[in-house]
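Structure assessment
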2 protein chains.
Amino acid sequence: MFVSASVTCFFAPVIDIPKNSGSIGVGFTIDRGVEVKLAGRTTLNGKRIKLQTLEYLLNKLGYEGGVEIRADLPLGCGFGLSGAIALASALEVNEKHNLNLSLFQIADLAHESEVLNRTGLGDVTTQCHGGFVVRKNASAPSMCRVDRFLWDVEMDFLIIGELKTSEILEGNLKNIYKIGVNCLKMFLKNPSIDNLFKVSKEFTLECGFADDEVIEAIEAVESCGGLASMIMLGKGVFAVNGSILRELKGYYTKSRVVWCGIRKSL
Amino acid sequence: MFVSASVTCFFAPVIDIPKNSGSIGVGFTIDRGVEVKLAGRTTLNGKRIKLQTLEYLLNKLGYEGGVEIRADLPLGCGFGLSGAIALASALEVNEKHNLNLSLFQIADLAHESEVLNRTGLGDVTTQCHGGFVVRKNASAPSMCRVDRFLWDVEMDFLIIGELKTSEILEGNLKNIYKIGVNCLKMFLKNPSIDNLFKVSKEFTLECGFADDEVIEAIEAVESCGGLASMIMLGKGVFAVNGSILRELKGYYTKSRVVWCGIRKSL
């Protein structure tokens with residue numbers, strides 16, 4: 001099972017009981033992500049790994065084995081891989097063990113596990129749909145009202161370092177919420193790629209998430225006529241027409257936006 | 001733009017104003033469908049064609065040209081091609097003319113056009129999601145609560161002839177509605193491929209849609225250990241392990257269920 005990485009552009013977080021936790025905002029799925037199949041023990045690209053979000057979920061499903069994960073992006077850098085691994089693993093267990101759970105039953109469990117372990121608030125919902133996904137309320141995937149924009153875009157990424165989602169989610173979220181809700185309103189008034197970047201960058205700056213290195217990367221892209229903003233939540237940048245990012249410090253990669261977050265393994 | 005054909009297994013129709021019209025039920029998307037691009041005049045596989053559902057929609061979008069449609073399945077046989085053509089065409093107009101409408105804004109217009117022209121009630125919703133799509137209320141796509149089952153299945157099809165959706169939708173729908181709602185309950189009690197076929201066949205027989213030829217085709221598949229039911233609404237059959245259908249009168253084809261109803265052109 002393959003589940004796309006998801007990148008959040010801006011968000012308004014809510015933490016409550018799991019089904020009422022989540023985030024309002026916009027994220028998108030790309031053609032890179034995680035490939036998962038069932039195995040005796042859990043490995044990531046061949047190495048043993050312990051992931052709390054995954055363990056909680058597998059336990060909930062009554063599955064005692066592990067999963068073999070292949071990922072071509074790093075964990076902890078804002079690509080929603082924690083959610084992708086959880087969702088893909090639960091879909092695999094569901095299929096191979098004939099649980100006959102629906103997609104949203106599975107997604108809600110993956111989301112619950114993300115919320116309890118503070119690894120993500122909206123990635124699983126974005127991954128269930130695909131494309132540019134607007135989450136209009138903060139909740140579990142099954143209860144989340146979404147809309148989508150099917151824009152065909154290639155994105156450039158610069159990964160400078162990690163940010164711990166859990167640390168930001170432990171902080172005072174009220175201010176971020178207020179800024180995020182306002183950003184969604186501004187985006188929906190004029191939903192276009194240009195405005196998405198404009199609003200996303202404003203969100204990043206107003207929340208104070210971007211440090212000098214990130215701001216310099218964004219400005220480098222803009223000075224070449226491209227669009228860029230900060231990956232939520234990773235120390236990195238996503239961009240359109242951002243090939244200049246290759247020349248900066250960090251890991252550069254590019255990926256196309258895909259309209260479907262879940263696909264069969266190749 | 002490519003939009004999948006969608007096959008309805010059973011349904012409970014509601015006709016009201018367009019946004020409150022639709023159907024409860026289950027349908028699935030397959031890897032065949034329609035490929036659409038903008039053109040001066042409207043053609044289907046190279047031949048001029050006039051499609052009311054499409055014309056109404058293009059007019060609503062303020063687009064005065066036509067579309068070039070490629071389809072590898074016949075119209076009027078229960079593959080939801082009317083909805084697929086409408087959705088794909090509107091997505092193309094949206095993209096090429098920078099309308100920046102969301103997927104559900106576009107889908108609601110396509111659905112409105114389907115309802116007013118009595119060409120379909122649930123296909124557009126199914127196509128917006130993908131896989132086996134459960135529609136839990138009868139409404140426009142943006143307001144429709146759905147769930148999905150991502151089963152990886154190859155389906156056999158036998159197309160015996162056409163059925164006019166519009167004629168059935170002109171009839172007394174109350175009885176069909178009652179049977180359809182009951183079928184959804186029975187399916188959701190035990191959501192599996194086996195039970196989907198069981199419930200779908202019961203629906204077909206209770207509604208009296210299947211004639212002798214269709215019943216014989218279903219029984220031929222069952223006698224070989226396969227599963228089959230009638231395509232809603234076409235004079236034809238969908239089946240799992242139904243290669244025996246090759247030997248019967250009609251057009252035989254097979255196609256895989258896909259989990260995403262909309263994709264970029266190849």
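Up top you'll find the structure we're talking about.
Quick look at the structure, then. (Residues numbered from 1 in each chain as written. Chains lettered and ligands numbered in written order. Predicted model: local features only at pLDDT ≥ 70, side-chain atom pairs only at ≥ 80, totals over all residues. Heavy atoms only, no water.)

All right, on to empty space enclosed by the protein then. Taken as a whole and assessed by the stated rule, the structure comprises one cavity of 30 Å³ or more. Considered as a void within the structure, the largest cavity measures approximately 40 Å³ in volume. Lining the largest cavity, in full, are His 129, Arg 148, Trp 259 and Cys 260 of chain A together with Cys 128, His 129, Arg 148, Trp 259 and Cys 260 of chain B. Counted by class, the lining of the largest cavity contains five nonpolar, two polar and two charged residues. (1 Å grid on protein atoms, 1.4 Å probe; cavity = no way out; pocket = protein on both sides within 12 Å on 5 of 7 lines; lining within 4 Å. Points joined across faces, edges and corners; volume = space filled by probe spheres on them. Nonpolar A, V, L, I, M, F, W, Y, C, P; charged D, E, K, R; others polar.)

On to the sheet that holds strand 9 (residues 227-230) of chain B, then. All names here are of chain B. Strand order across the open sheet formed by four strands is 9-10-8-11, with antiparallel pairing between neighbours. Only two strands of the sheet have a single neighbouring strand rather than two, namely strand 9 and strand 11 (251-256). Neighbouring strand axes in the sheet, compared pairwise and without regard to direction, differ in orientation by 25° on average. For strand 9 and strand 10 (residues 235-240), the ladder comprises four bridges, and the chain directions are antiparallel. Following the sheet pairing, Leu 227 is matched in strand 10 by Val 240. Here helix 8 (residues 212-223) sits on the sheet and contacts strand 8 (154-161), strand 9 and strand 10; the angle it forms with strand 10, its principal contact strand, is near 10°. (Pairing = 2+ DSSP bridges. Helix = DSSP H or I, 4+ residues; strand = E, 2+ residues; numbered from the N terminus. Axes fitted to C-alpha atoms, helices over the stretch in contact; angles between N-to-C directions. Contact = heavy atoms within 4.5 Å.)

Another point: the relation of the copies chain A and chain B. The operation relating chain A to chain B is a screw motion whose rotation component is 180°, with 0.0 Å of axial translation and a residual RMSD of 0.0 Å. Both copies are brought into coincidence by an operation consistent with a two-fold rotation axis. Minimal C-alpha distance to the rotation axis in chain A is attained by Cys 260 of chain A, lying at 3.0 Å. Interface residue correspondence from chain A to chain B reaches 100%, placing this contact among same-surface, isologous pairings. (Least-squares fit on C-alpha atoms with pLDDT ≥ 70 in both.)

Each partner contributes residues to the interface: chain A has 25 residues there, and chain B has 26 residues. Between chain A and chain B, roughly 2,100 Å² of surface is buried when both sides are summed, and carbon and sulfur atoms account for 59% of that area. On the chain A side of the contact with chain B, Asn 100, Trp 259 and Lys 264 of chain A bury the most area, a combined 29% of that side's loss. Here chain A is connected to chain B by two salt bridges. Here Lys 264 of chain A ties to Asp 152 of chain B by a salt bridge, and the two come within 3.0 Å at their closest N and O atoms. The interface formed by chain A and chain B includes 16 residue pairs in polar contact (both at pLDDT 80 or more). Residue classes in the side of chain A that touches chain B are distributed as 16 nonpolar, three polar and six charged. (Buried area = accessible area lost by both parts, 1.4 Å probe. Salt bridge = Lys/Arg side-chain N within 4 Å of Asp/Glu carboxyl O. Polar contact = N/O pair within 3.5 Å; in protein donor to acceptor, adjacent residues only side chain to side chain.)

Residues and elements named next belong to chain B. Take Met 186: it is sitting in helix 6 (residues 174-189). Between the C-alpha atom of Met 186 and that of Phe 79, which follows or precedes it by 107 residues, the distance is 24 Å. The contact partners of Met 186, leaving out residues within four places of it in the chain, are Asn 195, Val 199 and Glu 202.

Below, the discussion takes up helix 8 of chain B. Residues and elements named next belong to chain B. The end-to-end C-alpha separation of helix 8 is 16 Å, in line with the 16 Å expected for 12 residues at 1.5 Å each. Those residues of helix 8 that fall on the buried side of the exposure criterion are Val 214, Ala 217, Ile 218, Ala 220 and Val 221. Around the axis of helix 8, the buried residues are gathered within 155° of arc, so they sit on the same side. In helix 8, the exposed positions that point more than 90 degrees away from the buried face belong to Asp 212, Glu 216 and Ser 223. Buried-residue contacts for helix 8 involve strand 8, helix 7 (193-207), strand 9 and strand 10. Capping the start of helix 8, Asp 211 holds a side-chain oxygen 3.2 Å from the backbone nitrogen of Glu 213, two or three residues further along. Looking one or two residues beyond helix 8, the residue adopting positive phi is Gly 225, at roughly 90°. (Expected span 1.5 Å × (residues − 1). Buried < 20%, exposed > 50% of the residue type's maximum accessible area, 1.4 Å probe, protein only. Arc of directions from axis to C-beta.)

Okay, the pairing of strand 5 (residues 66-71) of chain B next. Of the strand pairs in this sheet, strand 2 (residues 22-39) of chain B and strand 5 of chain B are connected by six bridges, and their pairing is antiparallel. Each bridged residue has a counterpart across the sheet, and for Leu 38 of chain B the counterpart in strand 5 of chain B is Val 67 of chain B.

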